[in-house]
Amino acid sequence: MRDPPLILIADDNAANLDILVMRLKSQGYAVATATDGEEALAAAREAKPDLVLLDVMMPKLNGIEVCRRIKADASLPYMPVILVTAKADTKDIVAGLEAGGDDYLTKPVDQAALMARVRSILRAKALHDTVEAQKAELAAFNRELESRVAAQVAELERMGQLRRFLSPQVAELVANGTSQMLESHRREITVIHCDMRG
């Protein structure tokens, strides 16, 4: 999540848009805006905001369809959506939540309730992002561990093959590298060769 969080506000009513922009900026949030559904969808895909405040009744694409498309797009990271609308009927609320909306506010928007919900959802977003980062770190650690285990297994197999043909001491020298074996050195040795026949 960015610092400060980026919030995309999509509303076709300029007065509502200005109020929300001023309120969120006064609380220290970064803000992007859109005035219709298609613009909101494009801005969500391009800016990847930390939260979307989405008016339901907008031209070109309504907010519920924009929400549905944002949530269905696997290329986008988790992006919470608060639907904001004058429609307060239960079936509208259910439709918004079933489309993937994370919360639903009715107009006129109570500013204190809005800010509390924004903070609450951004806390959940921060936790989600932390979990995703930890998941990525764990996956990278697992890949590294798998490659190390594969290298160790290959080394053990190589040692097993060497020990089939060489004495354990010589196999160990070969496994540790040939540079020690190839260095010049003098040793006193005794050789005995016995041949028994009959």
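Just so we're clear, the structure is a prediction, and the values are computed from it rather than from any experiment. (Residues numbered from 1 in each chain as written. Predicted model: local features only at pLDDT ≥ 70, side-chain atom pairs only at ≥ 80, totals over all residues. Heavy atoms only, no water.)

Colleague: Kindly report on the sheet that holds strand E3 (residues 51-55), identifying the contributing residues and their values.
Modeller: Taken in spatial order, the five strands line up as E2-E1-E3-E4-E5 in an open sheet, and their pairing is parallel. Edge positions in the open sheet fall to strand E2 (30-34) and strand E5 (103-106), since each of these has one partner strand only. Between one strand axis and the next, the sheet turns through 20° on average, direction left out of account. Across five bridges, strand E1 (residues 6-10) lies against E2 in parallel orientation. Within E2, the residue paired with Leu-6 across the bridge is Ala-30. (Pairing = 2+ DSSP bridges. Helix = DSSP H or I, 4+ residues; strand = E, 2+ residues; numbered from the N terminus. Axes fitted to C-alpha atoms, helices over the stretch in contact; angles between N-to-C directions.)

Colleague: I'd love a proper account of the pattern of salt bridges, names of residues and values included.
Modeller: Scanning all chains against the criterion turns up 12 salt bridges. With a shortest N-O distance of 3.2 Å, Lys-107 and Asp-55 are connected by a salt bridge. In this pair, Lys-107 is assigned in the loop between E5 and helix H5 (111-165) and Asp-55 in strand E3, connecting sequence segments 52 residues apart. For Lys-107, a relative accessible area of 24% translates into the label partly exposed. Residue Asp-55 is classed as buried on the basis of its relative accessible area of 3%. Ionic pairing is found between Asp-103 and Arg-117, a salt bridge with its closest N-O pair at 3.4 Å. Taken as a pair, Asp-103 in strand E5 and Arg-117 in helix H5 lie far apart in primary sequence, 14 residues in all. Asp-103 sits in the buried class, given a relative accessible area of 19%. Residue class for Arg-117 comes out partly exposed when judged on its relative accessible area of 30%. Here the residues in one salt-bridge network are Asp-11, Asp-55 and Lys-107, joined through shared partners. (Salt bridge = Lys/Arg side-chain N within 4 Å of Asp/Glu carboxyl O. Buried < 20%, exposed > 50% of the residue type's maximum accessible area, 1.4 Å probe, protein only.)

Colleague: Lay out helix H3 (residues 63-72) in plain terms, naming residues and giving numbers.
Modeller: Among all positions in H3, only Gly-63, Ile-64, Val-66, Cys-67 and Ile-70 are buried. Each buried residue of H3 sits inside an arc of 160° when the element is viewed along its axis, so together they form one side. As for H3, its buried residues are in contact with helix H2 (37-47), E3, strand E4 (81-85) and helix H4 (90-98). Where H3 begins, the capping side chain belongs to Asn-62, and its oxygen is found 3.0 Å from the backbone nitrogen of Ile-64. (Arc of directions from axis to C-beta. Contact = heavy atoms within 4.5 Å. Polar contact = N/O pair within 3.5 Å; in protein donor to acceptor, adjacent residues only side chain to side chain.)

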